[in-house]
Structure formats: C-alpha cells, structure tokens
Amino acid sequence: MFSVTFLGTKSHVFGSRADPIALALSCLSEAGRDVSALYVIYYYDVIFKSILTALASTVVLFLLTVGFLDQPGVFIGCLLALTAAGIYVSSIRRIADADVGSECVTRPRYPVAFAVVLIGSLLYLSFALTHENVWSASKPQWGSESKPSTCHRRPLPSYSHRNTLENYSRFNNVLLVVFFSHARYGANLEYHREVYSDYFPNILYIGPSSREDAGFSHSYDVLVDSYHSDEDLTDPSFYKMAGRMAHHMLYTALQEYDCYDGYLWVPFDTLLNIPRLEKFDQEFFWYHSPWGLPVLNPTQQNSEHSLDLSLHASPASISPDPSVNLTETWRGWGPDWWWGDPHVGVGVCMEAFRKVPLHLRERLAAFTNGETRLIGGSADTMYIPGRHRSVFMEVLGLFLETTCFLEIAVPTALHLVAPRHDPILFVDHWWIYQPPFNASFVRQKWEEGYEVDTFHTFHWGERDGDGMWRANYENVADIRALLRDSAERQQILFPVRNETLVG
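What counts, and where the lines are drawn
- Starting afresh in each chain, residues are numbered from 1 along the sequence in its written order.
- Selection of residues for local features in this predicted model requires a pLDDT of at least 70, selection of side-chain atom pairs for listing and counting requires 80 or more, and totals for whole chains, interfaces and linings are taken over all residues.
- Side-chain numbers come from the whole structure's heavy atoms, not from hydrogens or water.
- A score from 0 to 100, pLDDT tells how confident the predictor is in each residue.
- We call two residues in contact when some of their heavy atoms are within 4.5 Å.
- Should a side-chain nitrogen of Lys or Arg be within 4 Å of a carboxyl oxygen of Asp or Glu, the pair is scored as a salt bridge.
- Secondary structure elements are taken from DSSP: a helix is a run of H or I of four residues or more, a strand is a run of E of two residues or more, and numbering for both begins at the N terminus.
- For two strands to be treated as a pair, DSSP must find at least two bridges joining them.
- Only the contacting stretch of a helix is used when fitting its axis, a line to C-alpha atoms as for every element, and angles between N-to-C directions run 0 to 180 degrees.
- We call a residue buried when its accessible area falls under 20% of the maximum for its residue type, exposed when it is over 50%, and partly exposed in between, using a 1.4 Å probe and counting protein chains only.

A. Spatial organisation of the confidence of the model for the chain. On average, residues of the chain score 82 in pLDDT, and 69% of them reach the 70 mark or higher. When the criterion is pLDDT under 50, residues 1-18 qualifies, and its contacts beyond four places in sequence or with other chains add up to 30 contacts. Considering only residues more than four positions removed or in separate chains, one finds that residues 129-140, a stretch of pLDDT under 50, has 19 contacts.

If you want it as structure tokens, here you go:
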C-alpha cells in the first residue's frame, strides 16, 4: 500500500530535513492507520480491510493524479478502482444493516467511517511528505548557498609555469578566469601568465579558439568557448563586437570548474594591483557598484562606510526607466552607450529580467528605491564568491537565453544575487581609451590622489612605426616594480620575483 501511496518518499521521510513536529504527526498517522485496520479486521474480515486499503490508496493516487501528474490512463484506472471499491463497501453496509441482530459481535453500522479515517490518514501523510520531499526537490532552489560536503576540482590545463611564489597563499582557493574576446594569445597570454601565476596558482584562460598555432604543447592552454564570438563592425546600426556575449565564457568557467572559494573574472588586458586585491574579503562580491563599500586604503583618508567619488573611480551606471522605449531616441553605442540598442540593450535584457524570481528582483529593487532598473558598466573586473556560484549561474543563464549585452547582463546579475545585508566591495576599476596603456597610468593616478585596483585597457605591447604589433617584455618587469611600490603603499609584506622567466 505505502509503496503506492508515498510514491517513493519512504527513504526521504526521516532524513536530515525532517522536522520534529512532522515526525510526530507522521508517527501518529501511521498509528491511526494501523488501529483503524485492526478495528476493521476485528468487526469484519481481512477481505474488507484489503478493500478499504485499496480504496484509500486509490483516493490518494487519484488526487495526486488530478493535482500533479496529469496522466489520463492513471486517472481512468483510479475511477474504475473507486467505483468497484464503492460498490463493495455499499454492499457490505447493506448486509451489515440486515444482519446486525444475528451476530455475536455487534458490528458498527457505518463502515464507511473507517474508510474515511483511513483515507484521511493516508492523504495527510502522502500529500505532506511527497509535497515537501519530492515535488519541491524537483524545483530549482533559487538563492541556495549550500555546498556539497565533498567537492573534487576538475584539473586545470597543465601550464609550464604555474607555481606561486614561496609562502604566498592569499589566492590559493580562488580561480582567476582570464578571457579573450579575440584569439590574440601569444605574448598576451605568456606575459600575463608569467606575472600573475606568481600569485594565482589556479588560472583558467578561456577564448574563442584553441592555441594550436603555437604547437601541440600549447593546444590545451585555452578552454575554447566560441559562443557568439563573431565580429562585424561594418553596420553602424548593429555593431557586433566580438566580446558582446563573453559572459557565456564566464558561465562556462563556473559550470566546468566548481569547488573554489571564489572566481575572479578579468580579461587578459586588465592590470591587477595584487597588493590592493589582497585586502578584499573573498566572502563578498567585488565590483565597482554604485552602492559599493570602499576597502580600507592607508594612503587615503577615506571612510570605509561611504563612496566619495573625489577619491575613487566612477562606479557602474543605473539604467533609465526600462518601461520607456529607449530605442526610439538611441543615437548609437558611442553617444548613448548600449541602453537603447535594439539588439543587445534594455529591451532585450528585460526579457530575461522578467523571468528572474521575485525575491531576487526585490534585492535589486532595494538598491534602486523600489524602481525597476538594470545596472550597466565595465565587466572587466568582477569577483564572485563560490557560495553564490549556483544562483549566479542560474540568473546569468536567463540573460544568456537572450542577446543581452555583456556589460548589462553581468552587473545586473550580480546585483540581483548579492544578499541584501552583505556589502559589495568597491573595486577602483578604471576603463581608459587613451595612453598610457601600461603601469605608468597607475603611477599617474597615485600622484592625483586616486587608487587603481585594476584598469583596462593594459597593453602587453604596442604597434611600431610600420603598424605591426610587437610584444614588449619590459612590461613584465614594470608591473613587478609597480606591485612592489603598491605593497609599500598598502603597508604589507609582499613577495616579488626578481628574475625573469621568458624573454
């Protein structure tokens, strides 16, 4: 009987999620079932008890079929079983009414009452337990932060140089995800790896194609993800940048590489000020959010509780009202950014936003005074705590179902997922389009009283007089000198490699 009634929930009923009250009610219901069954056997017979048991199970299955399963065959079978059981119970009642005075034991005149008790008991157990343990388990648990008790990391590609400096372990459990919108690897990857593998033992390079041009030994250097990576800049009305959907690479990295405490997402041409990033708490999101909390900086007389723009880089932007048709007045991504772009802008992104669970949309609304808004800005530095990995992926996946632009989808997803009472740590991230595209930019900002946690665009080389791009290894040594200077500013002990490894 119960193999049918509980629909496979017996193994789940008394697990770790069992509530003491539910456990007590379950025991009482089972006891009531057994007492009712013995009562029926005593006054009638085993056959009648079996009929009532079948009737109870059929009623439960019938209700579940109507409410959840929507299976016509089971529905018709339940009707036939109910009809047959009803006829039998009715005939037993007529016999009981006719023979009640001739029996040694006086039978109850209303056997149907016992069937009702039995059905009620089974219905309570079946519905409550199956609803809690089976039906809800099949639904996505939006916002869950639970981690498996054991987790096994997928091995990263084997690099020729990936050992951190001795005794440096600040980012041992962080995966540095470095993306390429174009397959411009070469020195960009080699120099990047040489500098940052001193501090990040776990680096994943991801781009639109493999590095097979460098030979077999490098053919697995890059995790390939070519989703919407084509580029066409000839049509001003649809400016198809290669990195417009690079958040698919972020989703791929999160999906393929579980079990890290956090994920630092950057492109290859973003400079990372490691002594500054050391000070960021890896339990929280990092981003240049309009509501971000600055991280204490001993070189600035700033408050940790307010964002003074006279001391910091500009934060990300808040969208205009998405209920307004921004496309009608959109003048192109240059003058008006991407908000009104009919292909990747707010109108497209709202298709995904409306599918986000209400309680997550309420998190974002708490930032925007209850108004529906999206967040847009550079997606060149973002840190995602591992405890939020699953729900961040679920939200990001909704935006990936559309063509919502990278720099709208990713910042909006972060603000949808970030817990209301947790800070988003403000990254002093600078996006520059004029030289110097090297460490000199950071030194200039220091002189002006600002901090640079990261900046884009950093160049590992430049074009020479004949227009050919050439790598410049001096940038490797210059970054190391910059990191040494930054550590002194931050008043921390910080290792810096002196020797060079490639040239």
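B. Spatial organisation of the pattern of salt bridges. For the structure shown, the criterion picks out 22 salt bridges. Here Asp230 makes a salt bridge to Lys240, at a shortest N to O gap of 3.0 Å. Here Asp230, found in the loop between β3 (222-224) and α7 (247-256), pairs with Lys240, found in the loop between β3 and α7; they are ten residues apart in sequence, far enough to count as distant. Of the charged contacts, one joins Glu448 and Lys445 as a salt bridge, the two residues approaching to 3.2 Å between their closest N and O atoms. Each of the salt bridges in this network shares a partner with another, and the network as a whole consists of Glu190, Arg193, Arg211 and Asp221.

C. Local environment of the sheet that holds strand β12 (residues 429-431). Read from one edge of the open sheet, three strands run β5-β13-β12, paired in mixed fashion. Since the sheet does not close on itself, it has two edges, and those belong to β5 (270-272) and β12, each with one partner. Neighbour-to-neighbour, the strand axes of the sheet open up by a mean angle of 15°, direction not taken into account. Where β5 meets strand β13 (residues 454-456), three bridges bridge the pair, whose relative direction is antiparallel.

D. Examining helix α6 (residues 186-196) more closely. Where burial is concerned, most of α6 is hidden: nine out of the eleven residues are buried. Ala187, Asn188, Leu189, Tyr191, His192, Arg193, Glu194, Val195 and Tyr196 are the residues of α6 that are buried.

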